[in-house]
Amino acid sequence: MTSLHASNHLGERDGLEEQYLTCQVRQTGYTASAVDDPRPLTGEPLALDLVNTEWIQDGERRDLLAEPGGIDVWLHAAGHPDAAVDPDGLRAARDAIRATAADHGDAAALNAVLAHGRLVERLGPGGPERMLEVDDEGWRVPWLAAQNLLELLRAGPDRIRRCANHACILHFFDGSRSGRRQWCSMAACGNRAKARRHYERTREQD
Ligand SMILES: [Zn+2]
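Fair warning: this is a prediction, and the values are worked out from it, not measured in the lab.

1. Here's the deal with the overall build of the protein chain
- In terms of regular secondary structure, the protein chain is built from eight helices and six strands.
- Counted from the first residue to the last, the protein chain has its helices and strands arranged as α-α-α-β-β-α-α-α-β-β-α-β-β-α.

The following block contains the structure:
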């Protein structure tokens, strides 16, 4: 357990934050329900779910955050349907998370996002409380996404991976027991790679 393990009181006051401030590294129970989320990979921890708002479709880079209503689609999928969010802050968090996920040494951009918020501890009427204070409400979700990457780095930096298909830019946190996950999904990239290897093998035999 880390120092960010949240008290129940945080959860009672703000259920949305509680799930990020606990030690959970996998998001569970996120279903976009009525909102149509076009992304090929959903359900990764918040930090990587934000990175996965960009993907390659038919050889072109698609950016959900740049599409009309796309930010709302993502906020809904991420469990923050009613959040007011600064679009530039969200993009800054996404860029910083991607850079940090690819190169663990690149801390400045991520720390710049994290500088917009701080956790405050105090004793409230119901017991210990931990609150996230942000300098602007629009930075709350970007901050939570950046902070989630810290949780993932604590849980297993080598399990933060980019899909092994070089043409794919999706990221995931490998929560499998074996720790051998290579693909964003078997259906999207794994099977294609298998088919290519099979094709190359059979061609070599000709
Ligand atoms: Zn992939």
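2. Points about the confidence of the model for the protein chain
- Looking at the protein chain, the pLDDT average stands at 84 and 81% of residues meet or exceed 70.
- The low-confidence segment residues 1-34, where pLDDT is below 50, has 55 contacts with residues more than four positions distant or belonging to other chains.

3. Some details on the nonpolar core
- Of all hydrophobic cores here, the largest spans 36 residues; its most connected members are Ala47, Ala93, Ile97, Ala145, Ala146 and Cys184.
- Counting residues per element, this core draws most heavily on helix H7 (residues 140-155), at seven residues.
- Residues contacting Ile97, with those up to four places away along its chain left out, are Ala47, Leu50, Val51, Leu110, Ala145, Ala146 and Leu149.

4. Side note on the environment of Glu137
- Residue position: Glu137 is located in the loop between strand S4 (127-134) and H7.
- Owing to 11 C-beta atoms within 10 Å, Glu137 belongs among the exposed residues under this scheme.

5. Looking at helix H5 (residues 87-102)
- Compared with the 22 Å implied by 1.5 Å per residue over 16 residues, the 23 Å span of H5 between its first and last C-alpha is a close match.
- Within the sequence span of H5, burial applies to Gly89, Leu90, Ala93, Arg94, Ala96, Ile97, Arg98, Thr100 and Ala101.
- Looking at the buried side of H5, the elements it contacts are helix H3 (46-51), helix H4 (70-77), helix H6 (108-114), H7, strand S5 (160-162) and strand S6 (171-173).

6. Thoughts on unusual backbone geometry
- A positive phi is found at Asp58, a non-glycine position, where the angle reads about 50°.
- Along the chain, Asp58 falls in the loop between strand S1 (54-57) and strand S2 (60-63).
- Owing to 5 C-beta atoms within 10 Å, Asp58 belongs among the exposed residues under this scheme.

7. What to know about the environment of Gly117
- Considering the arrangement of structural elements, one finds Gly117 in strand S3 (residues 117-124).
- Gly117 sits in the partly exposed class, given 19 other C-beta atoms within 10 Å.
- Here the alpha-carbon distance between Gly117 and Pro142, two residues 25 residues apart in the chain, equals 9.7 Å.
- In contact with Gly117, not counting residues within four places along its chain, are Leu132, Glu133, Val134, Trp139 and Trp143.

8. Remarks on H7
- End to end, H7 covers 22 Å across 16 residues, agreeing with the expected 22 Å (1.5 Å per residue, within 8%).
- Here H7 lies mainly inside the structure; 12 of its 16 residues are buried.

9. A few points about the packing of H5 against H7
- The interhelical angle for the contact between H5 and H7, taken along N-to-C directions, is 10°, at an axis separation of 8 Å. As the angle between them shows, H5 and H7 are arranged roughly parallel. Residues Gly89, Leu90, Ala92, Ala93, Ala96, Ile97 and Thr100 of H5 lie in contact with H7, whose contacting residues are Val141, Pro142, Ala145, Ala146 and Leu149.

10. Some thoughts on the pairing of S2
- Alignment of S1 against S2, held across four bridges, turns out to be antiparallel. The partner of Glu54 across the bridge, within S2, is Asp63.
- The hairpin turn running from S1 into S2, its antiparallel successor, is two residues long, and Asp58 in that turn takes a positive phi close to 50°.

11. Here we look at the pairing of S3
- The element S3 is barely covered by neighbouring structure, given that only zero of its eight residues are classed as buried.
- Bridge count for S3 against S4 is eight bridges, and the pairing is antiparallel. Looking at the pairing, Gly124 lines up with Gly127 of S4.
- What sits between S3 and S4 in their antiparallel hairpin is a turn of two residues.

Cut-off values and rules
Note on numbering: residues in each chain are counted from 1, in written sequence order. Side-chain atom pairs in this predicted model are given and counted only at pLDDT of 80 or more, local residue features only at pLDDT of at least 70, and totals for whole chains, interfaces and linings cover all residues. Secondary structure elements are defined from DSSP: runs of H or I of at least 4 residues count as helices, runs of E of at least 2 residues count as strands, and each element is numbered from the N terminus. For every residue, the predictor reports its confidence as pLDDT, a number between 0 and 100. A pair of residues counts as a contact when their C-beta atoms, built from backbone coordinates, are separated by no more than 7 Å. When buried Ala, Val, Leu, Ile, Met, Phe, Trp, Tyr and Cys residues are joined through C-beta atoms within 7 Å, the set is termed a nonpolar core. Exposure in this text rests on C-beta crowding, where 20 or more other C-beta atoms within 10 Å of a residue's own make it buried, 12 or fewer make it exposed, and counts in between make it partly exposed. The C-beta atoms are placed from the backbone. Multiply 1.5 Å by the residue count of a helix minus one, and that product is the helix's expected span. For helices, the axis comes from a line fit to the C-alpha atoms of the stretch in contact; other axes are also lines fit to C-alpha atoms, and the angle between any two N-to-C directions lies between 0 and 180 degrees. Angles are sorted into four bins: roughly parallel if under 35 degrees, roughly antiparallel if over 145, roughly perpendicular if 65 to 115, and oblique for all others. For two strands to be treated as a pair, DSSP must find no fewer than two bridges joining them.

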